[in-house]
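Single-letter residue listing:
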Amino acid sequence: MIPLPLARIAEITSGALSGMADPRAVVRGPVVIDSRAVEPGSLFVAFRGARVDGHDYAAQAVRAGAVAVLAGRPVEAPAVIVPDTTAALAELATAQAASLPDATVIGVTGSAGKTTTKDLLARLTARIGPTIAPAGNHNNEIGHPLTVLKAGLDTRYLVLELSARHIGNIADLARIAPPTIGVVLNVGTAHIGEFGGKEAIAKAKGELVEALPRTGVAVLNADDPLVHAMATRTDARVTLFGRGEHAAIRAEDVVADERGRASFTLRTPSGAAPVRLRLYGAHAVDNALAAAAAGYELGLPVAAIAEELSAAEPRSRWRMEVTDRPDGVTIVNDAYNANPDSMRAAFETLAVLGRDRRRFAVIAALRELGEDSEALNTEVGRLAGAGGLTGLIVAGPDAGPVLQGAHAGAEQAQRGGPPGTPLPRIVHVPDAQAAAAELGPWLRPGDVVLVKGPRAMGLERTAELLLGGAGR
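Conventions and cut-offs
- Residues numbered from 1 in each chain as written.
- Predicted model: local features only at pLDDT ≥ 70, side-chain atom pairs only at ≥ 80, totals over all residues.
- Heavy atoms only, no water.
- Helix = DSSP H or I, 4+ residues; strand = E, 2+ residues; numbered from the N terminus.
- Buried < 20%, exposed > 50% of the residue type's maximum accessible area, 1.4 Å probe, protein only.
- Lys, Arg positive; Asp, Glu negative; His and termini not counted.
- Salt bridge = Lys/Arg side-chain N within 4 Å of Asp/Glu carboxyl O.
- Phe/Tyr/Trp six-rings, centres within 6.5 Å; stacked < 30°, edge-to-face > 60°.
- Lys NZ or Arg CZ within 6 Å of the ring centre and 35° of its normal.
- Pairing = 2+ DSSP bridges.
- Axes fitted to C-alpha atoms, helices over the stretch in contact; angles between N-to-C directions.
- Contact = heavy atoms within 4.5 Å.
- Core = buried A, V, L, I, M, F, W, Y, C linked by side-chain atoms within 4.5 Å.

1. Observations concerning the side chain of Arg-319
So, step 1. You can see Arg-319 is positioned in the loop between helix H12 (302–311) and strand E17 (321–324).
So, step 2. Here Arg-319 sits buried without a salt bridge, and the closest side chain of opposite charge, Glu-161, lies 5.6 Å off (N-O distance).

Written as structure tokens, this is what we have:
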């Protein structure tokens with residue numbers, strides 16, 4: 001971050017110095033919310049969570065090197081006391097962003113693919129200047145300002161991921177670091193229970209393009225009608241990406257290898273170049289095109305864009321991590337999170353990666369689907385049951401609709417398949433650990449396993465246990 005004395009931090013956040021805080025002491029960063037991440041010169045922000053109160057770790061943070069604590073109540077350490085630490089964090093990040101006149105801010109949003117697109121785009125911008133991007137998916141009212149506060153005077157690109165659970169969330173985040181380029185990937189069913197419908201989700205995602213200046217660029221998915229329609233909601237110039245000829249940045253001649261990794265020709269107004277992705281799944285093409293479109297708007301040559309996209313490996317954990325055990329079993333860990341759209345994409349990838357192999361899946365009931373929860377979870381189960389699996393494990397609570405759909409899908413696939421088509425083995429278990437214990441003995445060399453579910457289920461633990469069981 002740009003170094004600031006405590007007096008200036010107190011001024012920005014309308015806070016009061018407390019606990020013998022020296023107003024001349026300078027915070028040089030990083031700004032952290034975990035006392036274990038404190039470094040000399042840090043500012044520790046204390047949040048009161050459901051299980052842990054950061055204020056209880058204030059003294060520990062200062063002993064570890066923090067200059068002070070940004071706190072909501074007095075603590076036994078030098079502090080800046082503010083009425084609301086979340087609001088104060090946003091105010092501090094807003095002031096820092098305004099002090100970066102040479103930085104171009106690029107915002108990425110969408111129902112699925114934000115983190116992968118952000119990672120790809122950050123790789124492209126790093127080729128032309130110092131870049132700050134969030135680790136993982138720090139994309140909410142806490143993670144977003146923390147990412148902005150990582151920027152320094154040498155930063156030239158801020159690649160930010162913006163998420164929403166309610167109307168107005170993205171607009172609030174965009175005010176912290178106003179974007180020049182806004183990328184909207186898709187409008188799906190993630191958090192549909194919070195919003196009440198896809199039209200409301202589109203309204204929320206479109207807040208990003210509404211935040212763009214007239215001199216900015218809206219990078220929109222031409223293949224998603226709800227995203228394409230956002231062109232009418234901005235005064236910025238619009239660039240379309242997609243797979244059809246009407247998209248300025250598009251993929252032509254898309255093919256996938258036996259592992260589900262796509263190759264295509266990247267076509268732009270100034271030429272074309274071949275791309276061979278190392279990322280898994282057909283949906284990675286759309287993410288790559290979005291990153292390519294933003295990179296193109298920044299002046300990167302198409303050959304350089306194609307080169308970087310072709311070299312990119314997955315950067316964020318538990319997103320289509322494909323690992324081959326020594327005994328030949330392949331584990332696909334896509335357990336970071338799930339919604340109906342990403343679940344379908346994952347099973348499509350499994351079908352390609354697992355062609356001519358026995359396929360298994362570990363899934364869980366999806367969350368935050370509102371009144372559509374039962375129907376959408378039944379459809380997820382039907383998708384899995386009809387997917388040609390040898391075995392399916394459904395982990396965790398509220399699994400009834402998923403199991404019902406899985407059995408129905410499996411029976412339908414059996415009726416429509418060749419004589420003797422077997423039904424998959426379908427089992428319900430209580431948690432991620434039980435899923436690994438149940439599935440482990442089923443596996444033999446050459447099998448492939450998809451692990452995917454909502455973040456709250458922690459199914460990455462299933463994948464980790466299965467990988468730890470290699471060779472047994």
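Still more to cover.
2. Details of the packing of aromatic side chains
So, step 1. Throughout the structure, instances matching the rule amount to 1 aromatic pair.
So, step 2. The side chain of Arg-319 reaches across the aromatic face of Tyr-336, ending 3.9 Å from its centre.

3. Some points on the pattern of salt bridges
So, step 1. Considering all chains together, one arrives at 26 salt bridges under this definition.
So, step 2. When the shortest N-O distance is used, the salt bridge between Arg-8 and Glu-11 registers 3.3 Å. Residue Arg-8 and its partner Glu-11 are located together in helix H1 (residues 6–13), separated by 3 residues, close to a single helical turn.
So, step 3. In this structure, Arg-36 engages Asp-34 in a salt bridge whose closest nitrogen and oxygen atoms are separated by 2.8 Å.
So, step 4. Judged by relative accessible area, which is 75%, Arg-36 ranks as exposed.
So, step 5. One salt-bridge network, held together by shared partners, links Arg-123, Arg-127, Glu-307 and Glu-308.

4. Side note on the sheet that holds strand E18 (residues 330–333)
So, step 1. The strand order E17-E18-E22-E19-E20-E21 describes an open sheet built from 6 strands, whose pairing is mixed. Of all the strands in the sheet, just E17 and strand E21 (425–429) have a single pairing partner and so form its edges. Each strand axis lies, on average, 15 degrees off the axis of its neighbour in the sheet, ignoring direction.
So, step 2. Against the sheet, helix H17 (residues 460–468) contacts E17, E18, strand E19 (359–364) and strand E22 (448–451), and its axis sits at roughly 160 degrees relative to E18.

5. Overview of the environment of Pro-40
So, step 1. Its place among the elements puts Pro-40 in the loop between strand E4 (31–32) and strand E5 (43–45).
So, step 2. With 15 residues separating them along the chain, Pro-40 and His-55 place their C-alpha atoms 19 Å apart.
So, step 3. Setting aside residues up to four positions removed in sequence, Pro-40 forms contacts with Gly-29, Ala-64 and Gly-65.

6. A closer look at the pairing of strand E15 (residues 261–268)
So, step 1. Alignment of strand E14 (residues 249–256) against E15, held across 5 bridges, turns out to be antiparallel. Considered in E15, the bridge of Glu-252 is made with Thr-265.
So, step 2. Between E14 and E15, which pair antiparallel one after the other, the connecting turn spans 4 residues, and Gly-260 there sits at a positive phi close to 85 degrees.
So, step 3. Sheet topology note: the E15/strand E16 (residues 271–280) ladder contains 7 bridges and is antiparallel. Considered in E16, the bridge of Phe-264 is made with Val-275.
So, step 4. Count of turn residues in the E15/E16 antiparallel hairpin: 2 residues.

7. With respect to the sheet that holds E4
So, step 1. Strand order in the open sheet formed by 5 strands is E2-E7-E6-E5-E4, and the pairing between neighbours is mixed. Edge positions in the sheet fall to strand E2 (16–18) and E4, since each of these pairs with one other strand and no more.
So, step 2. Two elements, E2 and strand E7 (residues 79–81), share 3 bridges in a ladder whose sense is antiparallel. Looking at the pairing, Leu-17 lines up with Val-80 of E7.

8. Quick notes on the pairing of E18
So, step 1. In E18, alternate side chains face the same way, and those of Thr-330 and Val-332 on one face and Ile-331 and Asn-333 on the other are all buried.
So, step 2. Two strands pair when backbone bridges link them, and E17 and E18 are joined in this way by 4 bridges, in the antiparallel orientation. Bridging from a neighbouring strand, Glu-321 pairs with Asn-333 of E18.
So, step 3. Where E17 folds back onto E18 in an antiparallel hairpin, the turn is made up of 5 residues, including Gly-328, whose phi is positive at roughly 95 degrees.
So, step 4. As paired strands, E18 and E22 are joined by 4 bridges and run parallel to one another. Bridge pairing links Asn-333 to Val-451 in E22.

9. Thoughts on the environment of Pro-397
So, step 1. Inspection of the secondary structure assignment puts Pro-397 in the loop between strand E20 (391–395) and helix H15 (400–416).
So, step 2. Residues Pro-397 and Arg-278 lie 119 residues apart in sequence; the distance between their C-alpha atoms is 35 Å.
So, step 3. Filtering out sequence-adjacent residues up to four positions away, Pro-397 remains in contact with Ala-365, Arg-367 and Met-457.

10. Quick notes on unusual backbone geometry
So, step 1. Residue Pro-30 follows Gly-29 across a cis peptide bond; omega there is 0 degrees.
So, step 2. Mapped onto the elements of the fold, Pro-30 is located in the loop between strand E3 (26–27) and E4.
So, step 3. Even without glycine at this site, Ser-14 takes up a positive phi of about 55 degrees.
So, step 4. You can see Ser-14 is positioned in the loop between H1 and E2.
So, step 5. On the accessibility criterion, Ser-14 (59% relative accessible area) is exposed.
So, step 6. Notably, Glu-368 is not glycine yet its phi reads approximately 60 degrees, a positive angle.
So, step 7. The residue Glu-368 is located in the loop between E19 and helix H14 (373–385) in this model.

11. Side note on the nonpolar core
So, step 1. Membership of the largest hydrophobic core comes to 58 residues, with the highest contact counts inside it found for Leu-6, Ile-9, Val-31, Leu-43, Leu-220 and Met-230.
So, step 2. Per-element tally for this core: the top contributor is helix H3 (residues 85–98), with 6 residues.
So, step 3. Of all hydrophobic cores here, the second largest spans 39 residues; its members include Val-183, Leu-279, Val-302 and Leu-309.

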